[in-house]
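Spelled out, the chains give:
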Amino acid sequence: MSERKPAVTVIGLGPMGRAMVRVLLAGGHPVTVWNRTASRARAAEAEGATLAADPAEALAASELVILSLTDYRAMYDILGGDGVGDALRGRVVANLSSDTPEQTRRAADWLAERGARFLAGGVMAPEPLVGTDAAYVFYSGPREVFDAHRDTLAAIGRPDYVGADPGRAQLYYQAQLDIFLTSLSAYLHASALLAAEGVTATEFVPWAADNFDGISAYLPEAARCIDSGDHPGEKATSTMMGATAAHILDASRAAGIDLELPTAVKSHYDRAIAAGHGADSWTALVEVIRKG
Ligand SMILES: NC(=O)c1ccc[n+]([C@@H]2O[C@H](COP(=O)([O-])OP(=O)(O)OC[C@H]3O[C@@H](n4cnc5c(N)ncnc54)[C@H](OP(=O)(O)O)[C@@H]3O)[C@@H](O)[C@H]2O)c1
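Participant: Can you walk me through the domain arrangement of the protein chain in this structure?
Facilitator: When the parts come together, some accessible area is lost, and that loss is often what is quoted as the size of the interface. Here the domain parsing of the protein chain yields domain 1 (8–165) and domain 2 (196–291). Between the C-alpha centres of domain 1 and domain 2 the distance comes to 39 Å.

Right, dumping it as structure tokens:
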């Protein structure tokens, strides 16, 4: 006889919540859903989920309640409503919505006051990759709560536990998105620079891909420099790379494209050099960035 999988409630049925419902159903979990906009919930119902009449009924259906909402404000709008409070007692709320670490810490207190346990999560996958080997999710909160639900949560993506502090998962998530969003803007800026001289983004793909693929090779040594505060510049100096940053800014100005990103990058180099890091490695810029 096949083992019965734990029931799961999913509240919030944007693209991400709907993908979670699909993979949980495919994994054999009974899934109950609720969403502010009912039409989205009915689509999940058609795929096999049970539609709850209201948030309290959705909470009552499963010990594990996953939230996939725009932000934590939406959680208060839904779970702070009349008649919902009592239904939170004894539940495990895994909020996989994006917000600041501070907001997740506040949410942990708010839920504890209502008798619920809390896991914060940050989903590191675009919607089409949910449930695949390429997906992982940062979790933080009480270790025993995570361990108890780890197998169920694994349906969404590899669960990576990063600590008891509830803020930690969103800290890791924001750090990853900081790298990701800034890299995407850098790529778009480079594409605009190329386009100004008639080179298409498609033509440049092999070299852009080489660049993205190669950057991770720098990380172990860079991390050692960042953590130790020691930035030996014998391979490449901030002064040399700052000159390149100035060339990119000049070329962007000549191309008539947006200057904000290269201006910000050049400013890091200028300030690091002014602070005496000219002969140090580029990693010394972190000393300027840390000071804000
Ligand atoms: N989409 C992705 O590829 C992706 C990838 C990684 C992480 N994430 C994160 O996953 C979370 C969900 O993403 P998504 O793409 O599904 O976002 P979304 O389209 O913004 O959907 C968010 C859900 O939140 C609900 N919601 C928003 N404000 C609400 C409020 N005040 N009261 C009640 N419900 C409210 C929406 O309800 P309605 O349907 O009624 O509007 C919807 O169900 C976000 O935090 C996002 O940063 C998304």
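Participant: What is the right way to look at the nonpolar core in this model?
Facilitator: One broad trend across soluble globular proteins is that nonpolar side chains are buried collectively. Counting 30 residues, the largest nonpolar core has Ile11, Leu67, Met75, Leu79, Leu88 and Leu111 as the members making the most contacts within it. If you list the elements that add at least two residues to this core, you get helix H3 (55–61), strand S4 (64–67), helix H4 (72–79), helix H5 (101–113), strand S6 (117–124), strand S7 (136–140) and helix H7 (168–195). Beyond its immediate stretch of four places on either side in the chain, Ile11 contacts Trp34, Ala58, Leu59, Val65, Ile66, Leu67, Ser68, Leu69, Ile78 and Leu79. Judged by nonpolar contacts, the second largest core, of 29 residues, contains Leu13, Val23, Val31 and Ala41.

Participant: Can you help me understand the sheet that holds strand S3 (residues 50–51) in this one?
Facilitator: Read across the sheet, eight strands follow the order S3-S2-S1-S4-S5-S6-S7-S8 without closing on themselves; strand pairing throughout is mixed. Each edge of the sheet is formed by a strand with only one pairing partner; in this case those strands are S3 and strand S8 (158–161). As defined by bridge partners, strand S5 (residues 92–95) adjoins S6 across four bridges and the pair is classed as parallel. For Val93, the partnering residue across the bridge sits in S6 and is Phe118. Docked against the sheet, H5 engages S5 and S6, running at close to 150° with respect to S6. Relative to the sheet, H7 contacts S6 and S7, its axis offset from that of S6 by approximately 10°.

Participant: Sorry if this is basic, but what is going on with the site of the ligand here?
Facilitator: By nearness alone, 22 residues border the ligand, and Asn35, Thr37, Arg40, Leu69 and Ser98 come closest of all. In this structure, an oxygen atom belonging to the ligand sits 2.7 Å away from a side-chain N or O atom of Arg40. Surface burial for the ligand is 76%, taken as the share of its 900 Å² of free accessible area covered by protein chains. Listing elements by their share of the shell around the ligand, those giving two or more residues are helix H1 (15–26) and H4.

Participant: Would you explain the packing of aromatic side chains in this entry?
Facilitator: Two aromatic rings, taken as a pair, are described by how far apart their centres are and by the angle between their planes. In total, this model carries eight aromatic pairs according to the counting rule given. On the basis of an interplanar angle of 80° and a centroid distance of 5.3 Å, the ring pair of Tyr136 and Phe138 is categorised as edge-to-face. Taking the relative accessible area as the measure of exposure, Tyr136 reaches 17% and is therefore buried. Residue classification places Phe138 among the buried positions, given a relative accessible area of 8%. Relative to Trp207, the ring of Phe204 has its centre 6.0 Å away and its plane inclined at 35°; by these criteria the two rings are tilted. Residue Phe204 and its partner Trp207 are both found in helix H8 (residues 201–215); the two are separated by three residues, about one turn of the helix. Here Trp207 falls in the exposed class, since its relative accessible area comes to 55%. In this structure an aromatic cluster arises from ring pairing among Tyr136, Phe138 and Tyr172.

Participant: Just to check I follow, could you spell out the side chain of Thr32 for this structure?
Facilitator: Relative to the elements of secondary structure, Thr32 occurs in strand S2 (residues 31–34). Leaving out residues up to four positions away in the same chain, Thr32 has contacts with Val8, Thr9, Val10, Thr50, Ala52, Ala58 and Ala61.

Participant: Teacher, can you tell me more about the pattern of salt bridges here?
Facilitator: If charged atoms from side chains of opposite charge come close, those side chains can pair. Per the counting criterion, the structure on display carries 13 salt bridges. Across the salt bridge formed by Arg105 and Asp165, the nearest N and O atoms sit 3.0 Å from each other. Residue Arg105 is located in helix H5, and its partner Asp165 is located in the loop between S8 and H7; the two are separated by 60 residues in the primary sequence. Using a relative accessible area of 29% as the deciding quantity, one classes Asp165 as partly exposed. A single network of salt bridges, built from pairs that share partners, joins Arg22, Glu47 and Glu127.

Participant: Teacher, can you tell me more about the packing of H7 against H8 here?
Facilitator: For any two helices packed against each other, the geometry is given by the interaxial angle and the distance between the axes. In the contact formed by H7 and H8, the axes pass within 11 Å of each other and the chain directions differ by 140°. By the angle between their directions, the pair H7 and H8 is classed as oblique. In the packing of H7 onto H8, the handedness of the crossing is right-handed. Each of Ser183, Tyr187, Ser191 and Leu194 in H7 lies in contact with H8, whose residues at this interface are Ala201, Phe204, Ala208 and Phe212. For the contact of H7 with H8, the per-class residue count stands at six nonpolar, two polar and no charged.

Thresholds, definitions, all that
- Residues numbered from 1 in each chain as written.
- Predicted model: local features only at pLDDT ≥ 70, side-chain atom pairs only at ≥ 80, totals over all residues.
- Heavy atoms only, no water.
- Domains from an automatic or database assignment.
- Core = buried A, V, L, I, M, F, W, Y, C linked by side-chain atoms within 4.5 Å.
- Buried < 20%, exposed > 50% of the residue type's maximum accessible area, 1.4 Å probe, protein only.
- Helix = DSSP H or I, 4+ residues; strand = E, 2+ residues; numbered from the N terminus.
- Contact = heavy atoms within 4.5 Å.
- Pairing = 2+ DSSP bridges.
- Axes fitted to C-alpha atoms, helices over the stretch in contact; angles between N-to-C directions.
- Near = heavy atom within 4 Å.
- Polar contact = N/O pair within 3.5 Å; in protein donor to acceptor, adjacent residues only side chain to side chain.
- Areas by Shrake-Rupley, 256 points an atom, 1.4 Å probe, with all protein chains shown as cover.
- Phe/Tyr/Trp six-rings, centres within 6.5 Å; stacked < 30°, edge-to-face > 60°.
- Salt bridge = Lys/Arg side-chain N within 4 Å of Asp/Glu carboxyl O.
- Parallel < 35°, antiparallel > 145°, perpendicular 65-115°, else oblique.
- Left-handed = near helix turned anticlockwise from the far one by under 90°.
- Nonpolar A, V, L, I, M, F, W, Y, C, P; charged D, E, K, R; others polar.

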